[in-house]
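# Survey of secondary and tertiary structure
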Amino acid sequence: PDRVSYEMLTREHWTTGLPVGLGAVAAVGRLDPVEAYEAFAAVVSALLALAVFGIARGTLLWRVPLSALGGALVAANGLMLLSTYFGWQAQILMTVFGTLGVLSLPAVFDRRAPRRELMLPALFLAAGVATYGWVFTAFLALAAAAALACLIRAPTSSVGRRELVRRLVGVAVLTLT
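Residues numbered from 1 in each chain as written. Predicted model: local features only at pLDDT ≥ 70, side-chain atom pairs only at ≥ 80, totals over all residues. Heavy atoms only, no water.

As a further point, take the packing of aromatic side chains. A full pass over the atoms with the stated rule returns one aromatic pair. A centroid spacing of 5.3 Å and a plane angle of 25 degrees characterise the contact between Phe-136 and Phe-139, whose relative ring orientation is stacked. The class of Phe-136 is buried, set by a relative accessible area of 0%. By relative accessible area, which is 17% here, Phe-139 ends up buried. (Phe/Tyr/Trp six-rings, centres within 6.5 Å; stacked < 30°, edge-to-face > 60°. Buried < 20%, exposed > 50% of the residue type's maximum accessible area, 1.4 Å probe, protein only.)

Below, the structure is given as structure tokens:
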């Protein structure tokens with residue numbers, strides 16, 4: 001496996017998202033992190049497949065069978081699993097977390113959304129920052145543009161504009177802390 005990001009952590013002040021994730025998987029299995037690398041690659045691949053299902057179902061409003069098919073096609077892609085093993089974990093997770101962060105933003109604008117759903121965009125965006133550092137700012141800018149577009153549009157199921165701004169500020173604060 002590609003260990004460059006793990007070895008550069010102490011020397012170059014790289015982000016800690018991947019080593020912490022690998023350490024968590026290793027701790028669950030009571031393994032040395034080197035022995036848990038394959039399991040971590042499988043977790044990253046499974047997270048991507050679940051993200052495809054969640055985005056298809058929640059944001060694109062696809063039916064469950066079609067959403068499951070999309071997730072299954074991603075999960076069945078052998079190249080995806082291979083790429084999560086050979087050093088592409090950070091790039092794949094950056095894309096997954098960035099996409100989930102942007103596409104979960106509309107939940108912030110829905111008055112029927114429970115409080116726990118309001119934390120999702122912040123959680124995904126913060127995970128992206130922890131995984132890839134300053135390079136993730138492109139997704140943060142995209143999320144800000146999407147939030148501005150949602151704020152301007154303000155659908156009928158939306159809460160008032162002041163409440164929307166308050167919720168977006170909450171998402172930004174949670175993301176950056």
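Together, Leu-60, Trp-62, Leu-66, Leu-69 and Leu-73 line one region of the surface with nonpolar side chains, adding up to about 490 Å² of accessible area. Here Leu-73 is to be found in helix α4 (residues 64-75). (Patch = residues over 30% accessible without salt bridge, like charges linked within 9 Å, V, L, I, M, F, W, Y side chains within 5 Å. Areas by Shrake-Rupley, 256 points an atom, 1.4 Å probe, with all protein chains shown as cover. Salt bridge = Lys/Arg side-chain N within 4 Å of Asp/Glu carboxyl O. Helix = DSSP H or I, 4+ residues; strand = E, 2+ residues; numbered from the N terminus.)

Let us now look at helix α2 (residues 17-29). When the terminal C-alpha atoms of α2 are compared, their 19 Å separation across 13 residues agrees well with the 18 Å that a helix rising 1.5 Å per residue should span. Looking only at α2, the buried set comprises Leu-18, Pro-19, Leu-22, Val-25 and Ala-26. End-on view of α2: buried residues confined to an arc of 125 degrees, all on one side of the axis. Seen from the open side of α2, the exposed residues pointing more than 90 degrees away from its buried face are Val-20, Ala-27 and Val-28. (Expected span 1.5 Å × (residues − 1). Arc of directions from axis to C-beta.)

Between two packed helices, both the angle of their axes relative to each other and the distance between the axes serve to describe the pair. Running from N to C, helix α8 (residues 120-132) and helix α10 (residues 161-176) cross one another at 30 degrees; their axes reach a closest spacing of 8 Å. Helix-helix and strand crossings are classified by hand; for α8 and α10 the assignment is right-handed. Where α8 approaches α10, its residues Pro-121, Ala-122, Leu-125 and Ala-126 are matched on the opposing element by Val-171, Leu-174 and Thr-175. Its residues assigned to classes, the contact of α8 with α10 comprises six nonpolar, one polar and no charged. (Axes fitted to C-alpha atoms, helices over the stretch in contact; angles between N-to-C directions. Left-handed = near helix turned anticlockwise from the far one by under 90°. Contact = heavy atoms within 4.5 Å. Nonpolar A, V, L, I, M, F, W, Y, C, P; charged D, E, K, R; others polar.)

With respect to the helices and strands, the residue Leu-22 is situated in helix α2. For Leu-22, a relative accessible area of 6% corresponds to the buried category.

Attention now moves to the confidence of the model for the chain. For the chain, the mean per-residue pLDDT works out to 79, and 85% of the residues sit at or above 70. Within the chain, the lowest mean pLDDT, 61, falls on helix α1 (residues 4-12), and the highest, 90, falls on α4. (pLDDT = per-residue confidence, 0-100.)

By the secondary structure assignment, Arg-162 is in helix α10. Separated by 11 residues in sequence, Arg-162 and Leu-151 have C-alpha atoms that sit 10.0 Å apart.

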